[in-house]
Amino acid sequence: MSEFLSKNHAGLAAYVPGEQPTGMEYIKLNTNESPYPPPPSVLTAVTKETLGKLRLYPNPDGTELIKKLAGTYGVRAENIIIGNGSDELLAFAFLAFCDKTRGVAFPDLTYGFYPVYAQLYGIPYEEIPLRDDFTVNFTKYMELGKNIVIANPNAPTGIALPLFEIQIICQSNPGHIVLIDEAYVDFGAESAVSLIGKHENLIVMHTFSKSRSMAGARMAYAIASAPIIEDLNKMKYSFNPYNVNRLTQIMAEAALGDESYFAEKRREIIATRSYTAAKLGGLGFEMTDSKANFIFARHPEISGLDLYTKLKEKGILIRHWDKPRIKDYVRITIGTKDQMDALIVAVEQILFSKY
């Protein structure tokens with residue numbers, strides 16, 4: 001830390017992303033990326049003509065892409081904003097709707113960027129404990145008097161909140177924003193997009209990073225009432241109007257035109273998740289009911305840290321957090337069936353070597 005860093009940020013605990021290794025080849029099951037490439041239409045969307053236009057700024061409004069998104073979800077273009085990954089849109093939301101007098105609440109075990117943004121912007125925040133079974137206790141969010149952010153399905157647990165509970169949270173907090181971060185919703189949970197016209201305080205956020213196989217493109221969007229989108233755009237145009245580059249916009253448009261590929265890969269990941277959960281269950285693992293593209297699991301005979309370390313030694317990366325409530329758990333991204341079979345073999349070797 002330099003002597004020039006503002007005192008406002010001296011104590012900031014930055015977000016720690018999952019490992020992106022170089023050198024050794026790993027089976028990478030630690031950052032919830034898709035194991036499949038984008039559809040062929042995305043790969044062919046970027047032409048030489050498109051590349052030649054990189055000398056020009058992209059459309060700051062993302063007009064064509066937003067039209068396609070609006071058609072996909074049955075909303076108006078004025079209900080959508082696009083962003084450079086959902087992290088950027090989260091940053092805009094924290095900046096737009098929270099301040100020292102309007103705090104924010106989120107679960108104590110959830111996506112790690114929420115407390116980081118609150119600290120970065122000097123926003124008072126409350127971490128509401130999950131139940132012992134890691135489910136969100138929606139009654140704790142009723143009439144809270146704060147803005148609310150909930151990942152649904154939650155990360156790292158993968159557990160999803162029923163839609164009627166989200167409705168109750170929105171209804172009981174009419175003067176505050178309720179942001180539902182649906183990064184993993186396509187793997188088995190019910191989206192809150194259908195509630196947008198019913199609750200003026202609701203924001204639903206989606207990303208292309210998981211189910212649409214485009215984590216490297218950095219593309220996300222939020223759906224909300226027109227006034228909320230206007231507020232978010234005010235943040236965007238005060239920060240970076242050209243936030244989504246030309247190539248990403250074109251590739252995202254192409255991806256939306258290939259819904260059959262999208263649906264097929266979702267089904268494959270969901271099937272592989274069930275297959276892997278059954279195999280791990282047979283080895284004695286305990287797991288949450290994940291509706292995401294990962295499994296959250298622990299084994300009574302080995303610590304989460306030891307399992308993470310031993311799998312890494314075998315060339316397989318998973319995710320582990322050294323936090324009291326979840327230190328014995330690991331999060332395992334769902335890869336291809338071959339990758340998950342390799343994981344199962346490695347886990348068997350690790351467990352059986354203890355006896």
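The notes below deal with the structure included here. All values reported here derive from a predicted model rather than from experimental measurement.

### Thoughts on the overall build of the protein
Item 1. Scanning the protein from terminus to terminus reveals 11 helices and 12 strands.
Item 2. Computed over its C-alpha atoms, the radius of gyration of the protein comes to 21 Å, within 12% of the 20 Å expected for a compact globule of 355 residues.
Item 3. A principal-axis box enclosing the C-alpha atoms of the protein has dimensions of 60 × 50 × 50 Å.
Item 4. With 355 residues in all, the protein has 52% of them scored as buried.
Item 5. Contacts spanning at least 24 positions in sequence make up 73% of the contacts within the protein whose residues lie at least 6 apart.

### Some details on helix α11 (residues 337-352)
Item 1. For α11, with 16 residues, the first-to-last C-alpha span of 22 Å sits near the 22 Å given by 1.5 Å per residue.
Item 2. On the buried face of α11, the contacting elements are α9 (259-282), α10 (304-313), β11 (316-317) and β12 (329-333).

### Points about the packing of aromatic side chains
Aromatic rings in a pair are described by how distant their centres are and how their planes are angled relative to each other.
Item 1. Scanning the model with the defined rule gives 18 aromatic pairs in all.
Item 2. Residues Y73 and Y221 carry aromatic rings whose centres are separated by 5.7 Å and whose planes lie at 45° to one another, so their mutual orientation is tilted. Placement of Y73 in helix α3 (residues 63-73) and of Y221 in strand β8 (residues 220-224) is noted, with a sequence separation of 148 residues between them.
Item 3. Owing to a relative accessible area of 23%, Y73 belongs among the partly exposed residues under this scheme.
Item 4. Summarising the aromatic geometry, the rings of F134 and F296 are spaced 5.9 Å apart at their centres and angled 70° between planes, so their arrangement reads as edge-to-face.

### What about the sheet that holds strand β6 (residues 178-181)?
Item 1. One open sheet accounts for seven strands, arranged β2-β8-β7-β6-β5-β3-β4; its pairing is mixed. With partners counted over all chains shown, the strands left at the sheet margins are β2 (80-83) and β4 (125-128), one partner each. Put simply, the sheet's adjacent strands are angled 20° from each other on average, direction ignored.
Item 2. In this sheet, β8 lies alongside β2 in antiparallel orientation, the contact comprising four bridges. The partner of I80 across the bridge, within β8, is I223.
Item 3. Against the sheet, helix α6 (residues 163-171) makes contact with β5 (147-151), β6 and β7 (202-207), and its axis sits at roughly 155° relative to β6, the strand it touches most.

### What to know about the pattern of salt bridges
Item 1. Counted under the stated rule, the structure contains 12 salt bridges.
Item 2. A salt bridge links E49 to K53, with the nearest nitrogen and oxygen atoms 3.9 Å apart.
Item 3. Judged by relative accessible area, E49 falls into the exposed class, the value being 57%.
Item 4. Owing to a relative accessible area of 36%, K53 belongs among the partly exposed residues under this scheme.
Item 5. Salt bridges here are not isolated pairs; linked through shared partners, they connect E264, K265 and E268.

### Considering the sheet that holds strand β10 (residues 294-298)
Item 1. Spatially, the three strands line up as an open sheet ordered β9-β10-β12, and their pairing is antiparallel. The sheet terminates laterally at β9 (286-287) and β12, the two strands that pair on one side only.
Item 2. Here five bridges tie β10 to β12, and the two strands are oriented antiparallel to one another. Within β12, the residue paired with F296 across the bridge is R331.
Item 3. Its contacts with the sheet place α9 against β9, β10 and β12, and it is angled at close to 10° to β10.

### Structural notes on the pairing of β12
Item 1. Of all five residues in β12, five are buried; the element is thus mostly enclosed.
Item 2. Alternating residues of β12 divide into Y329, R331 and T333 and V330 and I332, and every residue in both groups is buried.

### Let's talk about the layout of surface pockets
Item 1. Considering only enclosed or pocket space, the largest pocket measures out at about 1,100 Å³ in volume.
Item 2. Taken together, 45 residues line the largest pocket, and the ones lying closest to its centre are Y15, V16, P17, Y111 and R319.
Item 3. Every element with two or more residues in the lining of the largest pocket is listed here: α4 (86-97), β3 (104-107) and α5 (113-120).
Item 4. With five residues, the single largest contributor to the lining of the largest pocket is α5.
Item 5. Here the lining of the largest pocket is composed, by residue class, of 22 nonpolar, 12 polar and 11 charged.

### Concerning the packing of α4 against helix α7 (residues 226-239)
Item 1. Their axes nearest at 9 Å, the elements α4 and α7 cross at an angle of 105°. One way to sum up the angle between α4 and α7 is to call them roughly perpendicular. Here α4 contributes E88, F92, A93, L95, A96 and F97 to the contact with α7, which in turn contributes I228, D231, L232, M235, K236 and F239.
Item 2. Of the residues in the contact of α4 with α7, the class split is nine nonpolar, no polar and three charged.

### Describing the state of the cysteines
Cysteine pairs can be covalently joined through their sulfur atoms, and such a bond is termed a disulfide.
Item 1. The tally for this structure, following the rule as stated, stands at zero disulfides.
Item 2. Considering cysteine sulfurs only, C98 is the nearest to C170, which forms no disulfide, with 15 Å between them.
Item 3. Residue C170 is classed as buried on the basis of its relative accessible area, which comes to 2%.

### Some words on unusual backbone geometry
Item 1. The omega torsion across N152 and P153 is 0°, close enough to zero to call that bond cis.
Item 2. By secondary structure assignment, the location of P153 is in the loop between β5 and α6.
Item 3. Cis peptide bonds are those with omega within 30 degrees of zero, and the linkage from A155 to P156 qualifies with 15°.
Item 4. In this structure, P156 sits in the loop between β5 and α6.
Item 5. Non-glycine residue F134 carries a positive phi angle of around 75°.
Item 6. By the element assignment, F134 lies in the loop between β4 and β5.

Rules used in this analysis
- Residues numbered from 1 in each chain as written.
- Predicted model: local features only at pLDDT ≥ 70, side-chain atom pairs only at ≥ 80, totals over all residues.
- Heavy atoms only, no water.
- Helix = DSSP H or I, 4+ residues; strand = E, 2+ residues; numbered from the N terminus.
- Rg over C-alpha atoms; globule rule 2.2 N^0.38 Å.
- Buried < 20%, exposed > 50% of the residue type's maximum accessible area, 1.4 Å probe, protein only.
- Contact = heavy atoms within 4.5 Å.
- Expected span 1.5 Å × (residues − 1).
- Phe/Tyr/Trp six-rings, centres within 6.5 Å; stacked < 30°, edge-to-face > 60°.
- Pairing = 2+ DSSP bridges.
- Axes fitted to C-alpha atoms, helices over the stretch in contact; angles between N-to-C directions.
- Salt bridge = Lys/Arg side-chain N within 4 Å of Asp/Glu carboxyl O.
- 1 Å grid on protein atoms, 1.4 Å probe; cavity = no way out; pocket = protein on both sides within 12 Å on 5 of 7 lines; lining within 4 Å.
- Points joined across faces, edges and corners; volume = space filled by probe spheres on them.
- Nonpolar A, V, L, I, M, F, W, Y, C, P; charged D, E, K, R; others polar.
- Parallel < 35°, antiparallel > 145°, perpendicular 65-115°, else oblique.
- Disulfide = S-S within 2.5 Å.

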